[in-house]
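A closer look at the structure
Residue strings, one per chain:
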Amino acid sequence: MKFSIHQKDLQRLLTVAGDGVPKKTTLPILSNYLIEARPAGVRIAATDLEISISTSAETAVETPGQVAVNAKRLQEVVRELAKDEVHVQVDAGKFKMKCARSAFELYPMPVDDFPTLAQERATFSARLPAKTFQALVDLTCYAVSTDETRPALGGVLIQITDKEIRFIATDGHRMSKAHASGKFPVEKGEPREAIIPPKALIPVAAWATESDHEVEMELSSAAATFKVGATTLTSRLLQGPFPPYESVIPKDNKKQLIVGREALLSSIRRVAKLSDSVSHQIRFSVRKDRLHLSVSTADIGAAKDDLEAAYGEDDLEIGYNAVYLQDILKSLDSDKVLFTLNSPVSAGVVTAVESKRDATALCLIMPLRLQD
Amino acid sequence: MGFSPSRGEARHGKEPGATRIIFHVDMDAFFASVEQLFNPHLRGKPVLVCGDPDGRSVVATASYEARPYGIRCGMPVREARRLCPHATCVEGDPGKYIHISLQVLDLLKTFSPSVEPFSIDEAFVEVTEQIEKRSEMLNLANRIQRRVRATVGVTASIGIGPNKFVAKMASGVHKPEGMTCFSTADFVRHFGPQPVGELWGIGKATSEILGSLGLRTVNQLAAAPRELLAGTFGIVGPGLKLVAQGLDETPVVPYHQAPDAKSIGHEHTLEQDESDPEILAGHMLRLSDMVARRARLDSFAGKVISLKLRSSDFQTFQAQQGLGHPTSDGLEIYRVARSLFERLKDGPAGDFHRGRVQKRKTAAGPIRAFRLLGISLGGLVRLAPDPQRLLFPEEQRYRDMMSAVDRLRGRLGEGILVRAGTMILEH
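Residues numbered from 1 in each chain as written. Chains lettered and ligands numbered in written order. Predicted model: local features only at pLDDT ≥ 70, side-chain atom pairs only at ≥ 80, totals over all residues. Heavy atoms only, no water.

Attention now moves to the overall build of chain A. Check the secondary structure of chain A and you find six helices and 25 strands. Look at the contacts in chain A between residues 6 or more apart in sequence, and 66% of them connect residues 24 or more apart. On chain A, roughly 17,700 Å² of surface is accessible, and the fraction owed to carbon and sulfur atoms is 49%. (Helix = DSSP H or I, 4+ residues; strand = E, 2+ residues; numbered from the N terminus. Contact = heavy atoms within 4.5 Å. Areas by Shrake-Rupley, 256 points an atom, 1.4 Å probe, with all protein chains shown as cover.)

Residues and elements named next belong to chain B. Of all residues in chain B, 87% have pLDDT values of 70 or greater, and the mean over the chain is 82. Every residue in residues 1-16 is under pLDDT 50, and counting partners more than four places away or in other chains gives 23 contacts. Here residues 348-365 scores under 50 on pLDDT; set against residues more than four positions off or in separate chains, the count is 30 contacts. Interface confidence in the predicted complex, given as ipTM, is 0.83; pTM for the same model is 0.65. (pLDDT = per-residue confidence, 0-100.)

Our next topic: the pairing of strand β4 (residues 51-58) of chain A. All names here are of chain A. Judged by how many residues are buried, β4 sits mostly within the fold: six of eight residues are covered. Alignment of strand β3 (residues 41-47) against β4, held across seven bridges, turns out to be antiparallel. Considered in β4, the bridge of G41 is made with E58. Turn length for the β3-β4 hairpin, with the two strands adjacent in sequence and antiparallel, is three residues, and the turn residue L49 shows positive phi of about 80°. As defined by bridge partners, β4 adjoins strand β17 (residues 231-236) across five bridges and the pair is classed as antiparallel. Paired with S52 across the strands is T234, a residue of β17. (Buried < 20%, exposed > 50% of the residue type's maximum accessible area, 1.4 Å probe, protein only. Pairing = 2+ DSSP bridges.)

If you look at the interface, chain A gives 32 residues, while chain B gives 26 residues. Carbon and sulfur atoms supply 61% of the area that chain A and chain B bury against each other, a total of about 2,300 Å² over both sides. Between the two partners, chain A and chain B, sit one salt bridge. Between E395 of chain B and R150 of chain A there is a salt bridge, with its nearest N and O atoms 2.2 Å apart. If you look at where chain A meets chain B, you find six residue pairs in polar contact (both at pLDDT 80 or more). Among the residues making up the side of chain A that touches chain B, the classes are represented as 14 nonpolar, eleven polar and seven charged. (Buried area = accessible area lost by both parts, 1.4 Å probe. Salt bridge = Lys/Arg side-chain N within 4 Å of Asp/Glu carboxyl O. Polar contact = N/O pair within 3.5 Å; in protein donor to acceptor, adjacent residues only side chain to side chain. Nonpolar A, V, L, I, M, F, W, Y, C, P; charged D, E, K, R; others polar.)

Once that is clear, we can look at the pattern of salt bridges. Residue and element names in this part refer to chain A. Under the definition given, this model contains 39 salt bridges over all chains. For R43, the salt bridge is made with E36, and the minimal N-O distance between the two is 2.7 Å. With respect to class, R43 is no different from E36; both count as buried. In this structure, a network of salt bridges that share partners links the residues R283, R287, D315 and E317.

With that settled, consider the side chain of D327 of chain A. Checked against the element boundaries, D327 of chain A lands in helix α6 (residues 322-331). Relative accessible area serves as the criterion here: at 17%, D327 of chain A is assigned to the buried category.

Residues and elements named next belong to chain A. The N-to-C vectors of helix α5 (residues 261-272) and α6 enclose an angle of 155°; their axes lie 10 Å apart at closest approach. By the criterion of interaxial angle, the relationship of α5 to α6 is roughly antiparallel. Regarding α5 and α6, the two cross each other, and that crossing is left-handed. Residue-level contacts link R261, L264, L265, I268, R269 and A272 of α5 to A322, L325, Q326, L329 and K330 of α6. Partitioned by chemical class, the residues of the contact of α5 with α6 number seven nonpolar, one polar and three charged. (Axes fitted to C-alpha atoms, helices over the stretch in contact; angles between N-to-C directions. Parallel < 35°, antiparallel > 145°, perpendicular 65-115°, else oblique. Left-handed = near helix turned anticlockwise from the far one by under 90°.)

Residues and elements named next belong to chain B. Strand order across the open sheet formed by four strands is β9-β14-β10-β11, with antiparallel pairing between neighbours. The two strands at the open ends of the sheet, each matched to only one other strand, are β9 (264-274) and β11 (316-327). Direction aside, the axes of adjacent strands within the sheet are offset by 15° on average. By the bridge criterion, eleven bridges tie strand β10 (residues 300-311) to strand β14 (residues 370-382) in an arrangement that is antiparallel. Looking across to β14, one finds that L309 is bridged to L373. Taken strand by strand, helix α13 (residues 330-344) contacts β10, β11 and β14, and its axis lies near 145° from that of β11.

Residue and element names in this part refer to chain A. What the four strands build is an open sheet, ordered β21-β20-β19-β22; its pairing is antiparallel. Only two strands of the sheet have a single partner each, and these edge strands are β21 (301-308) and β22 (316-321). Going across the sheet, the axis of each strand differs from the next one's by a mean of 20°, ignoring polarity. Docked against the sheet, α5 engages β19 (281-287), β20 (290-297) and β21, running at close to 170° with respect to β21. In the packing of α6 onto the sheet, the strands contacted are β19 and β22, and the crossing angle to β22 comes to about 85°.

Residues and elements named next belong to chain B. One pass over the structure, following the stated rule, counts 15 aromatic pairs over all chains. A centroid spacing of 5.5 Å and a plane angle of 70° characterise the contact between F118 and F124, whose relative ring orientation is edge-to-face. A cation over an aromatic ring shows up here: K96 above the ring of F38, its NZ or CZ 5.4 Å from the ring centre. Residue placement shows K164 over the ring face of F124; its charged tip is 5.2 Å from the ring centre. (Phe/Tyr/Trp six-rings, centres within 6.5 Å; stacked < 30°, edge-to-face > 60°. Lys NZ or Arg CZ within 6 Å of the ring centre and 35° of its normal.)

Residues and elements named next belong to chain B. If you walk through the whole model with that rule in mind, you get zero disulfides over all chains. Free of any disulfide, C50 has its nearest neighbouring cysteine sulfur in C89, separated by 4.5 Å. Judged by relative accessible area, C50 falls into the buried class, the value being 3%. (Disulfide = S-S within 2.5 Å.)

Residue and element names in this part refer to chain A. Locating Y324 in the fold gives a position in helix α6. Accessibility expressed as a relative area gives 11% for Y324, which makes it buried. As for Y324 and M175, which are separated by 149 residues in sequence, their C-alpha atoms are 10.0 Å apart. A polar side-chain atom of Y324 sits 2.7 Å from a polar atom in the side chain of H173.

Residue and element names in this part refer to chain A. By the burial criterion, the buried members of helix α2 (residues 71-80) are A71, L74, V77 and V78. Axial view of α2: buried residues confined to an arc of 140°, hence all on one face. Residues of α2 that are exposed and point over 90 degrees away from its buried face: K72, R73 and E80. Residues of α2 that are buried in the fold lie against α1 (7-18), β2 (32-38), β6 (65-70), β8 (94-99) and β9 (102-106). The residue sitting at the N-terminus of α2 and contributing the capping side-chain oxygen is N70; that oxygen lies 3.1 Å from the backbone nitrogen of K72. (Arc of directions from axis to C-beta.)

Pasting the structure below:
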């Protein structure tokens, strides 16, 4: 194997594929990049067995071939190289790299050990603009559960109908349902939904946004594949069932509260400094055209703040987890947000008033039970 | 709620060094009383709690009905049986005693924030702040006794004193369900003429040494020269003289200031080696429930669940799994324990690697037999009780149901509701 590539291009390929390298692993081969030189160019791949990433660039290849090298070391070395042409070759069982006046040798691992994820024929495909995909990801991924015992909640449920695409995430305390309209060629009998972990969605959105490429999505019965330019990410689907999310969206929330998003966010940040470190409890006291925020934590202290708001219903006292509220407010991108509320024990709905994003979201948050 | 003033604040408003009022609450024949509480057939009858009723163990506790026969703690079971052939011997069950003990502590905490659990059946309660006039002391002690009897179902004797030592000595004077209030002078009057071995903390060895110094009674010890005691016993010597005078400065260290537990665990040695997965699952469910219940009683939730297994050939395996969130739910703990069991059960094929079990490639043999199971909950955080409401109604209903179950168990005993999955163990 022998090829040359500019340091800048090589570093970019390694960074992109680097999202597929597991941080910790029991299989040593997974700590490696698989580097393939083909007549048309070079391809770099990595996998943690749940997702696999492969990215390529056109470059001058002298001799085709394959090699598996330690990802962390290669990335660190390449980052420090001169901004110049890098000459790579495998010779006498060693991975050799020269750039300007520096030279490196790394000991590769057997290429045959590198796992390949089974490819299945895609049964569905769709294209989404970068901004739409990024918006759907930002509006939902924060609500994904980190609970390993509930694997289905560890991903975003993607549902596709002929008119819209939906992303739904929940951890059992809050939920976000985002959607964007479009025309999707859904036919009978094809899978229209899949649960995909955020670690697959977040990098795809970032690549698309950086390059302003469309995201091409393909679903098969076991995997989802996302293509952005010359980069492909394949993710195993998480096993369902996903809980019946439609049934928990409240229909009888009548009390409407409108607040400035930025003002509310900074107010929550301030008072939450004194909130309990586990429950992060803050109290909303909703009054006519005012929203009072307060925190009172045993052994720590108390804080109060207050905001102008638009509200004309009965007074309401509700406790919330400040972190959950901040996640919601940060994901929305409007000047004002609308809370539709019912009671201190039922789900509140938060939506953007005149969203600037390419997707809209309905956010649900369950209150905290207030003491006293 | 859990807010209680720290010790410094608790004394606020009273003169430093003002007389403290300390209760020593001592449960009467605790293990035997708990057994009688759980099994009505044992009530009013002589009951001996011991290690192994058929083996060569000793009596841990004898009920008051057994004491007239001359049965005392520490006596070999065989001798006790000879003295009182119709006594029922019961094998000790620590789970029950812990449960009742925690109930008593919770109750004591409603009287004063300053409760120091001293052992499974005794606790110190400082009530200096709770009492305006000294005449209220006996009333308060009486209320505590009545509440313990009415809500928990066992009896306690209370010693009242100006320090922990005197309170502790006083509680043993009148039993069961007695109440003794000693000032320092009362203490000296009552214990002064008695042998030094009567004092808390002075055992046989120390008594003998004191005797060899000519100090046989408490009064003699109280009057002994400090230097003599320091020379003989070193640093603890002068302390002996102080306690003999009924003096003790050690503070009551409240429950919530004691270091937090790192993990909560229960383990169970099976009566016989067991390989039936259904029965093992029943034990895991029971242990998970016990761990969860303890965690909830102490307002803890944990993020790491570990399972310990000991096979019939005495090999011990352990594995753990982290959750993304803290839990105190028995079923959730059980589910994790069960999946750990699936990974561990095939025995030495399991190797530890970064806390996870990696299986070697071995042919799956028949399921092994196990002699011990243990489940513990680590990565504890204080969570009292989780105020977060749940989005999915069935989950909220489950949580509401579990808290109703807890209240029922708290009021009527652990056995009032059991999971169907543990009933396999009844046979």
